[in-house]
Structures are given as C-alpha cells and as structure tokens.
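# Inside the fold
Here is how the chains run, residue by residue.
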Amino acid sequence: MDLSSLFTSLGTSFIIFCVLVLVYTWLSSRPGNSVIYYPNRILRGLNPWDGSKAQTWSPFGWIIEAWQAKEDDIISIAGLDAAVYLRFIATALAILVSASALCLPLLIPLSATDDQYQIDMEKTKNDKNAATYTDFDKLAMGNVKRKSARLWGFVAAAYFVSVATYYILWKTYKHVLQLKGRKQYSMEVKPEQYVVLVRDIPPVPPEKTRKQQVDSFFRRLYPETFEQSLIVTDFSEANKVWIEIEGYKKKLDRAEVVFEESKTKSKPEGTRPMHRTGFLGLVGKKVDSIDFCNEKIKDLTPKLHTKQKIAFTEKQLGAAFIIFNSRVAAASASQVVHSQLTDTWTVMAAPEPRQVLWKNLSIPFYQRMIREKIVYTIVFLTVVFYMIPIAFLSAFTTLDNLRKLLPFLKGIVKIAALKSILEAYLPQIILILFLAFLPKLLLALSKLEGIPSESHAVRAASGKYFYFIVFNVFLGVTVTGTLFQSLKEIEKEPNKIIKLLGKSIPPVATFFISFVALKVFVGYGLELSRLVPFIIYHIKRRFLCKTEAERQEAWAPGPFSYATRVPNDMLIVTIALTYSVIAPMILPIAILYFAVGWIVLRNQALKVYVPTYDSSGSMWPHIHTRIMAALILTQITLIGYFSVKVFVYVPVLVPLPFISVAFVYLCRKRFYPSFCVTSLEVACNDVKEVPSVSSIVEAYTAPCMLLEDKFDDLERYEDATSTVSSRTGSLAK
C-alpha cells in the first residue's frame, strides 16, 4: 500500500467517524430515540437525560460525561465485568503509551537516517518483480543496515517494552483483585455464595432415591452446615411445553391490543382479530385469535404440570446444587476433594443462577474430557481451514498483486481515485466481514465441552477466537502476503524465503495501520451512533410491534459481547506490540484505537448495555494470559528478525521469552487462586440480609420448572428432589 492510499484510508475513516459522532449527537437528543441511546438508564427507572441535559446537544458532552464517571459508577451500573473490561482497555492504552515514549523518539530517527532499503532497490532495479519501498517504510527497522550498531537501540526498546508491560500488568492484576475483593467484602449477599455444584454423582443405590443418596452423603460430611440439596432434572420436555405456552401468551397479548385498537367511535364493539392455524398463518382453519390462544394456554397448562412432575420424580440426573447455611461452609466445600475417585462427586463453586447451562450439568466426567479433545480438534481444523481463504485474501492486500493475478483489472486500477479507494478499503473490509461468522461457532463449540456456566463458555470461546485471529489474521497476512508477492523469486531460490519474510514484516505494517484505523474510526463510530440497532428498532416498531413487551424486546440492548470484543481488542494489542519495535509508526493509531475505545465504551456501559450476568471479573486472568502470549510472540518475532539482520548479539534477546514465562507463572501463583475460589477470609464477612432457603431454591430452579403455587402440594416432589422447600427460614451468616 502506497502513502496516498494509506492517507486516503485514514482521512476518509476519520471523516466517517466525525459524521457518525454528529449523527449520534443529533439522534440521541431526540426523545423518541431514548430507548436506543439510554436503555440502561430507562431500565433502572431514571430519566435518560438526568445529570447530562446541558451536555446533550454538544458533540463533546458525552465525552465529558464518560470521562468524569468514576470506576465505582461503572461497577454499580454495568457490573464488575464491564469495569474489568474497561480496565483492560486502559491497561492496553498504558502499555502502548509507555512503549511509544521510547520507541517513537528513538527508533524512528535511527531508521529514517539509514539506507538499507535504498541499497536493496539499487541492487534489484532491473528486476521487475523486486520489492519497492515507500518513504513510510523507511521509518521502520527494515531500513537499518545489517550488522549495524544502530540495532542496539532496538534491543534496548525491546527490553523497555517488555519491562513496561510487566509493570503495568502487575499493577492492573492487583487493582482488579482489589475490585473483586471489595465487591466480595460488601455486605450484599447473593444466592451462589451459599451453594456449591456437585457433578458426577455415582449411580443411585437400589434402596435409595437420588435425593436420599445426595443428602446422606453431604449430611455425613457437613452435619452442622448442610441445609438441603436441589437435584438437577431433565426438564427438556417441560421446557418445550413452557416455551409453547409463553408463545401463546405473547400472541394473546398482541391479539388483545389489536382488538382494542380496532374499537372506534363508529364501531365501538371493534373487530376481533382472526388468523389461520396452518403454516405461517397462511393456510388452515380461520379462528378467533383471542379465543384460540386462551384455549391453547388452558389445554397446555395441565400438560406442563404433568411434565414438571415427571421431571421431578422420574428424570433426576447425576448433578445437584447443595445449599449450606453458611457462606464459609460453601466456600470450604468448593475447594476440597470429596471422593477418593476424582471422577465422582466433583464439587465446584456454583455459578450465578443466570449463568447456568442446564444441559451441561449432568455430562459425565470422562465424556467431558472426550468432548474437550474433540472440540479442540475441530477448532484446530477450523484454524487451518480458514488459513486457506485468508491466504487468498492476502493476495489482494495490494492492487499490484491483484493486477498480477487478474490481468483484466489493469484498466480499472488505472483510474487514480478508484485505485486509492480500493487499495485503502478492500482488503480490510473483506477481512472484517470474513471474521464476523466465526464467534458464534466457537461459542457453540465451547458449550459442547460441557462447561457449566455462560461466563466460562464465553471465556473459552474468547480464547479460541484470540488464537484463531492471531494465527490467521496476524501471521496469515504477514507471511502469506509475502509468499504471494515474491512467489517467482522463491521458486528460483527457495533458500531466500527466510530473508524475504524478514524483509516483508515492516512493509506489511501499512496494511495493519489501515486495518486498525478502519476499526477505530468506523467500528467505534458505528458503536457510538448505534445506527444498526436504531434502524432495526424503528422498522420493528413501525411494522411488527404491538404490545409494550414487543417494543421492549425490540430495543433491549443486551450485554457487552465479551466473546468477540476481547479477542478483537487483543488482536490490536498483538499487532501493536509486535510492530512497536519493528515499525513503531503503528503505535499512534493503536493508541488512538484504545483511547477512543475507552471513551466510547464507558459511554455505552453507563447508558446502553445491560449485563445479563456478573462473573465478578473472572475474565481478567484470561486477558492477562493473552496479553502475555502477545508479548511472547513479539519477543520471538524480534529474535527472528534480528537474526535476519545478521545481528551477532541476538542471544541478548533470548532471555526475554523465558522472563515472560516466569512472570506468567508468578502472577498465576500469586493472584489466580483468588479468581477461582472465594477465600474464607472473605466468606466470613458480615452481610446485610441473609437469604431464605426458598429464595435460593427459586433462584436455582429453571423458569419452566417453577410452580405457580410454589408452596402447595409439596409432598408430590419431596421424595425426588427438594426443588420446592417447606423450610422457609433464613440461613445463618
């Protein structure tokens, strides 16, 4: 990519961002759009413009409001997970700012005042297939002569970037742990603090029921603190009926609204809505919608009760939630081994009720192991399979390659304006669209492993996606771009491949600068303006929504999508760290990415997104490990690149990856255990209000299994489970 195309990309992206900010400023000030731009505040019962009415009409008002918000505000409004995610953005920003403090003033002059690229171009000036370099490329390490003493400056920068990363990550780990501890020390109590999840329960003895088996096991181990068990059941059939009933209830509400709207002064009795019972309401018998839905609900309700009873009494599974009367007892139970055999009575801290993946709770121990291996194999094959189209995509990174592969485009690319636009945007847009289909696949695969909670599945999917995009996007674009560009030269002299790959690393930086610019300006511009949700909501509201529930469902914002956000941000961290020493001009645009992201996402956390669960910042150890993986990749890349530069003191850099591994080990030993379990020191803290057993039972009961009369006819289920308890007293501290 030449300089004109790069500046075209940066300039147009910035203009798009400015337009989107102005669109946001105008649309968010319109009262009719408050549900799109302030849903978090609305759901909390607040006026959308409380505290910011004077700033609403300013393009910079939202920036001031987001900047002034405290971290405690983020935690109280969006949850600890959102606060930890924003802390990750701030950490990445701090690392890159620290790196730029040395790399920009030191390394750019060292590169710009040397002439390795000029020497290379003079040697190959008669070769039509030889690489060409722009003035921008000469600002990178590739322009430094081989064996030059100037390379010591780059060695110093490599150590500086590494040490700065260690220091900032260490401080952030301590800060996140303090946030987590502060939340745990708060007097607010949650059901999961009194509960553990037990899986891999052995077969039921002939003389006992499942409940009796579980109760006797835990009552023998915890005679003073065991309260009761809640056996997990196979409620899939009951859930199908419940979903059907809920569907008819929505249809009934809609039909009643339509009926009320049909009443006019000229026709006060209105027109009762009708529909056909066949496919999509287009064929079949025509019936009164209100009467039909009422009859269906009436017919299905006894069926639901029957399915519930069958699930309670006949479909108990090999998993249960164990309720204790003390937080200390639950914390202790989650940390000890309960059986001599590791594949039975597996006990862990219970996930938050909103996170439970019910289908995975009863998957046996060895089946989970086999599933995990199968999923990792599928992910590995997916990574390899995706490498092929990514490799072809890299061939189109420059229009020179495109012209070589597709000669009939020579006439089109001669048009200067069209050439600049295509070269600036085509590769980046195709790459972003190509990656958009993967996250849902990886999340589904992660759930197939048998993971018991939503947040754990999100972390697992995020890890898979991170390694995928690093391998395919970062390595794929860097390596395969060079292979396509220098294919004929490699065919003639295969031994030159390492040398060619070494030469290619700095020039590819222009692609990534354009790629990051597109994500920061267009990506965050769309995030802030919420044009897509805005359009979808107004289409649904105009043509589809009749009831208040339908309207609320149309604008419901949902939570932050950590499974895709974190890996994409980590890709930028990986690119920026790797090129921070080799081509430091990437640092300003990467800094801008995280600076703009920090402001925009704080605004969205305060006003838009609503968490569906809170894992108490459990994402941070995952993020920390991935940042260190990016740093180790950077260090290994530098060792290889210094070797290409024939720098005899390359061994000076060899300790860096080992130091990084040691740092990861130290952090894992010092901080990680507190993210896995609740310490007894925290568990023994006083609480405001102790929950009743019935409230905990209700929290850990699937919606389709909740009885309408919760405390009536309890003896029906007492033998099988204690899903509904007659003990309604409060627990101890």
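Residues numbered from 1 in each chain as written. Predicted model: local features only at pLDDT ≥ 70, side-chain atom pairs only at ≥ 80, totals over all residues. Heavy atoms only, no water.

The name an unreviewed UniProt entry gives the protein is CSC1/OSCA1-like 7TM region domain-containing protein, with Araucaria cunninghamii as the organism. Of the protein, the UniProt comment under Sequence similarities (unreviewed entry) reads exactly: "Belongs to the CSC1 (TC 1.A.17) family." In its Subcellular location (unreviewed entry) section, UniProt records this for the protein: "Membrane". (UniProt positions renumbered as here; feature names shortened; annotations may be inferred.)

What follows is about the pattern of salt bridges. For the coordinates displayed, the defined rule picks out 23 salt bridges. Notably, a salt bridge pairs Glu65 with Arg41, separated by 2.3 Å at the nearest N-O pair. Taken together, the residues span a long stretch of sequence, with Glu65 in helix α4 (residues 61-68) and Arg41 in helix α3 (residues 39-43) at a distance of 24 residues. With a shortest N-O distance of 3.0 Å, Glu237 and Lys307 are connected by a salt bridge. (Salt bridge = Lys/Arg side-chain N within 4 Å of Asp/Glu carboxyl O. Helix = DSSP H or I, 4+ residues; strand = E, 2+ residues; numbered from the N terminus.)

A probe as big as a water molecule, rolled over the atoms, marks out the empty space that is left. One number sums up the size of the second largest pocket: a volume of about 1,700 Å³. Surrounding the second largest pocket, 48 residues form its lining, Glu527, Ser561, Thr564, Arg565 and Asn568 being those nearest its centre. Those elements that place two or more of their residues in the lining of the second largest pocket are α6 (80-112), α16 (416-435), α17 (438-448), α18 (454-485), α20 (497-529), α21 (531-543), α22 (548-555) and α23 (562-582). Top contributing element to the lining of the second largest pocket by residue count: α20, with eight residues. Per-class residue counts for the lining of the second largest pocket are 35 nonpolar, five polar and eight charged. (1 Å grid on protein atoms, 1.4 Å probe; cavity = no way out; pocket = protein on both sides within 12 Å on 5 of 7 lines; lining within 4 Å. Points joined across faces, edges and corners; volume = space filled by probe spheres on them. Nonpolar A, V, L, I, M, F, W, Y, C, P; charged D, E, K, R; others polar.)

With that settled, the discussion passes to the sheet that holds strand β2 (residues 226-233). Taken in spatial order, the four strands make up an open sheet running β2-β5-β1-β6, and their pairing is antiparallel. Of all strands in the sheet, those with a lone pairing partner are β2 and β6 (346-349), marking the two edges. The average angle at which neighbouring strand axes cross in this sheet is 25°, direction not considered. In this sheet, strand β5 (residues 316-324) lies alongside strand β1 (residues 195-199) in antiparallel orientation, the contact comprising five bridges. In the strand pairing of β5, Val196 is matched with Ile322. In this fold helix α9 (residues 210-221) packs onto β1, β2, β5 and β6, with an angle of close to 145° to the strand it touches most, β2. Docked against the sheet, helix α11 (residues 289-314) engages β2 and β5, running at close to 85° with respect to β5. (Pairing = 2+ DSSP bridges. Axes fitted to C-alpha atoms, helices over the stretch in contact; angles between N-to-C directions. Contact = heavy atoms within 4.5 Å.)

Closest axis-to-axis distance for the helix α8 (residues 151-185)/helix α25 (residues 619-644) pair is 11 Å, and the angle between their directions is 175°. As the angle between them shows, α8 and α25 are arranged roughly antiparallel. On α25, the residues touching Leu151, Phe154, Val155, Ala158, Ser162, Thr165, Tyr166, Leu169, Thr172, Tyr173 and Val176 of α8 are Trp620, Pro621, His624, Ile627, Met628, Leu631, Gln635, Leu638 and Phe642. The residue inventory of the contact of α8 with α25, partitioned by class, reads 15 nonpolar, five polar and no charged. (Parallel < 35°, antiparallel > 145°, perpendicular 65-115°, else oblique.)

Time to look at the packing of aromatic side chains. One pass over the full model with this rule turns up 36 aromatic pairs. Taking the centre distance of 5.7 Å and the plane angle of 75° together, the rings of Tyr85 and Tyr562 count as edge-to-face. Remark: Tyr562 occurs in helix α23 and Tyr85 occurs in helix α6; sequence separation between them is 477 residues. No difference in accessibility class separates Tyr85 from Tyr562, as the two residues are buried. Each ring, one from Tyr593 and one from Phe594, has its centre 4.9 Å from the other, and the planes form 90°; the classification is edge-to-face. Owing to a relative accessible area of 4%, Tyr593 belongs among the buried residues under this scheme. Taking NZ or CZ as reference, Arg542 lies 5.3 Å from the ring centre of Phe543, over its face. Sitting over the ring of Tyr672, Arg668 keeps its end group 4.3 Å from the ring centre. (Phe/Tyr/Trp six-rings, centres within 6.5 Å; stacked < 30°, edge-to-face > 60°. Buried < 20%, exposed > 50% of the residue type's maximum accessible area, 1.4 Å probe, protein only. Lys NZ or Arg CZ within 6 Å of the ring centre and 35° of its normal.)

Core analysis: the biggest nonpolar cluster contains 131 residues, and Phe88, Phe154, Phe594, Trp620 and Phe642 have the highest contact counts within it. Sort the elements by how many residues they give to this core and α6 lands first, with 16 residues. Here this core gathers at least three residues from each of two domains, domain 1 (3-189 + 498-684) and domain 3 (366-449). Among residues more than four places away in sequence, those in contact with Phe642 are Met141, Leu151, Phe154, Val155, Phe647, Val650 and Leu653. Counting 21 residues, the second-largest nonpolar core is a separate cluster that includes Ile297, Ala311, Cys704 and Met705. (Core = buried A, V, L, I, M, F, W, Y, C linked by side-chain atoms within 4.5 Å. Domains from an automatic or database assignment.)

As a further point, take the confidence of the model for the protein. The share of residues in the protein with pLDDT of 70 or more is 81%, and the mean pLDDT across the chain is 83. Taken element by element, the predicted model of the protein shows its lowest mean pLDDT in helix α30 (residues 715-718) (43) and its highest in helix α26 (residues 655-670) (95). Ignoring residues within four places in sequence, the model shows residues 710-729, a span with pLDDT below 50, making 50 contacts including any to other chains. (pLDDT = per-residue confidence, 0-100.)

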